[in-house]
Each structure stands twice: as structure tokens, then as C-alpha cells.
Amino acid sequence: MYDKFGHSAFRVEDKSKNLDIVFNYGVYDFNTPNFYTKFARGKLLYQLGVSYYQPFYNSYVAQNRWVKQQTLNLTYSEKQAVFNFLQNNAKPENRKYKYDFFYDNCATKIRDVLKEVLGDDLQYNDDFVEEEQTFRELIQKNLHWNTWGSLGIDVALGAVIDKQATAWEYQFLPDYIFKAAETAAITRNGGNEKLVGNTTILFKNNPTEENPFFLTSPLFIFGILGLVIVFITFKDRKNNTRSRFLDATIFFITGLIGVFLLLLWVATDHTATANNYNLLWAFPLSLLLIAIIAKRFPKQWARKYVFFLIVLLGLLTVHWITGVQVFAIALIPLLVALAIRYIFLVGYLKRQ
């Protein structure tokens, strides 16, 4: 999925020395001990990799991904300074860094290296920003809303990404690193010159439109699940009974998801998973109350807990309407079904 957001890298070419290499800040080592655990906890170190240009280029052609090149308008000494910085950064003791999707990634490294080397002579401006958008909106521009990748992002990432991004923060995406460089300027001899000398299309791809198969899409799947919950609830109400298996399953799944989201929030170094109000529908405490709700005659306080879950769904709606956090559209059928089930449970348990 990360391919959807593009990639950025430095190319250093010196034909007189037969030099053509790429400095790529998007490399990680799959042999890292506890790789997936560190990735999940936000502790995985990325690193600066160095490779020959041609294999790097060929890999993008093979993936049908366009390649554009911006030739930087630098003096000889500035080029040498950037090259020296990259060479030093590529040393084993310097090449690793703690990756952050929004603030320290393969794209932001391009800008940050240039600022580090060129200092205040390099000025970025806001001209490339055409409309004000949040981090979530910027991410979702690269994804079809009715895909599992889009859903996963909307569920796993919290309200912190629903704040408006500044022009500087836009540059966590390679597209905006590219656009920001186009409008950036270097101060020389009392005047300003463009950072980018010229732009070349090295490979023009054949874009394919993303049309997810509807029968396996999140909206369809959650629509079916929602209908099943509503149908069982309707039968339970008609027969004055209760499907304890359904209630236990709902508590198990929502509680388990809630525990996962809570851990992403408080037990990892990910900055984007904080303040996640998906916990309002996936409440972790439900996982501990499965045995209670599965009983034929739950204790009366269980009814109060179910009413509490209804209140949480109401708060989720308020958060969504007021823009505190945007939730996945594909979840709507499930959220509606949960509300209907909980309302039924409050009434049913009251009659017991």
C-alpha cells in the first residue's frame, strides 16, 4: 500500500567520473530482529541506502510507476557539499534513523538535507498549496475510499491527523516535496534563483484506475454484517428472545479491536495513532465482559453498560459531525447495526 504515496530520492550523476548513484532514505532491513514487532510499535529504524541508478530506475519501470527528475540549480561547491553530506550520512554509523510517516520519512529527508546543507539561503514558500487540507485528506487523495487500505488507515489513525496541515507539513508526501521544490528559491548575490533548474520525465507510466471489486469491498462486507445483525435482532424482538452468541461475538470483536487501537495509542511511538476515537465503537472493556453478556440472565448492571455503549456511539456521531475526527464511511452499516442491537438489548434486559 505504501507504493500509493510515491517515493523520493537523490540522484548524483557525474559523467566525467562515470558516477551515477541514488541515495534512498526509504530502506529498511528485513533481517532486523523482531522486525514486525518493532514496525508495529513504531521503533523500526529506516536507513539511507546507496545503489546504482539503473537498477533503481528499472524497478520503477517494472512496477509501472512514473519517474520524474528535478535537476537542482546548485553551484559546484553546493553540489559537492550535498554529496559530501550524503556520503557521510550513508556511513554505517550514521545511516539509520527513526522513521515517522508524517515528519521524518523518505520525502521529508530530501527537503531536510537541502536545508541542512544550504541553510537560510534556501527558502520554501506556500505557493504550491492550492487548498487547505488535513493530514487525513492528503492521505486519502492517494487511496480509493472503499478499499481495505483506506479503511485500515481511518480506523488505526487518530484525531491528530484531522488537523489542518501547514505547507511545510504537506511535504510528508513525495508529490508535495516535488511541488515545493518547484517554487523554492535560493538567495544568491542579493537576488533569488529557482531551486529547480529543469524537470525531466524519465519514465511515463500507463496509469490504471483503481476500481475495487465491490463484492469484496469494505462497504459491501460491513453492509452484509450489518444486515445480519439487524435481521437477527428483528427475529429476537419478534420471538422475545436473545441471541447470546451474537452479543458475545460483538463484544469479543469490538473489544479486541479496541485493545489493539488502545495499544497503538499508548504503547507505541507512532505519532499518528494518538487520540483515536474509534475507541467509541470499539470499546476495550467489552472484551472483559463477554462471559457476562453471554449469560442467559446477565446482572442488571450489564444493561447500564450496554446503555453506556449507546452513549459512546452518540459521542462518535458528534465527533464526526463537528470534525474532531473523520471515520471510515464503510463502517456506517456496522455502526448503525450496533446501535440497533444495543437499543434492543437495553429494552430486552430491562424486561428480565
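(A) Molecular detail of the environment of T147. Position of T147 among the secondary structure elements: in the loop between α5 (135–140) and α6 (148–156). Taking C-alpha positions, T147 is 28 Å from L45, a pair spaced 102 residues apart along the chain.

(B) Main features of a nonpolar patch on the surface. A cluster of nonpolar residues, W145, V230, I329, I332, V336 and I340, forms a patch on the protein surface that exposes about 480 Å² of accessible area. Per-element tally for the nonpolar patch: the top contributor is helix α13 (residues 332–351), with 3 residues. With respect to the helices and strands, V336 occurs in helix α13.

(C) Up close: the sheet that holds strand β5 (residues 96–98). Taken in spatial order, the 4 strands make up an open sheet running β1-β2-β3-β5, and their pairing is antiparallel. Each having just a single partner strand, β1 (10–14) and β5 make up the two edges of the open sheet. For this sheet the average axis-to-axis angle between neighbouring strands, irrespective of direction, equals 25°. Pairing geometry for strand β2 (residues 19–27) and strand β3 (residues 45–52), over 5 bridges, is antiparallel. Bridging across to β3, V22 finds its partner in S51. Seen against the sheet, helix α2 (residues 53–62) touches β1, β2 and β3 and runs at an angle of roughly 110° to β3. Across the face of the sheet, helix α3 (residues 76–89) comes into contact with β1, β2 and β3 while running at roughly 55° to β2.

(D) Structural detail: the nonpolar core. Judged by nonpolar contacts, the single largest core of 47 residues is most densely connected at F23, L86, L122, I139 and L195. Breaking this core down by element, the ones donating at least two residues are β1, β2, β3, α3, α4 (106–118), α5, α7 (167–170) and α8 (174–183). Top contributing element to this core by residue count: α4, with 6 residues. Setting aside chain neighbours within four positions, we find F23 in contact with A9, F10, V12, L48, G49, V50, F83, L86, Q87 and A90. In terms of nonpolar packing, the next biggest core, distinct from the first, is built from 38 residues, A156, A302, A330 and A337 among them.

Calculation criteria
Residues numbered from 1 in each chain as written. Predicted model: local features only at pLDDT ≥ 70, side-chain atom pairs only at ≥ 80, totals over all residues. Heavy atoms only, no water. Helix = DSSP H or I, 4+ residues; strand = E, 2+ residues; numbered from the N terminus. Patch = residues over 30% accessible without salt bridge, like charges linked within 9 Å, V, L, I, M, F, W, Y side chains within 5 Å. Areas by Shrake-Rupley, 256 points an atom, 1.4 Å probe, with all protein chains shown as cover. Salt bridge = Lys/Arg side-chain N within 4 Å of Asp/Glu carboxyl O. Pairing = 2+ DSSP bridges. Axes fitted to C-alpha atoms, helices over the stretch in contact; angles between N-to-C directions. Contact = heavy atoms within 4.5 Å. Core = buried A, V, L, I, M, F, W, Y, C linked by side-chain atoms within 4.5 Å. Buried < 20%, exposed > 50% of the residue type's maximum accessible area, 1.4 Å probe, protein only.

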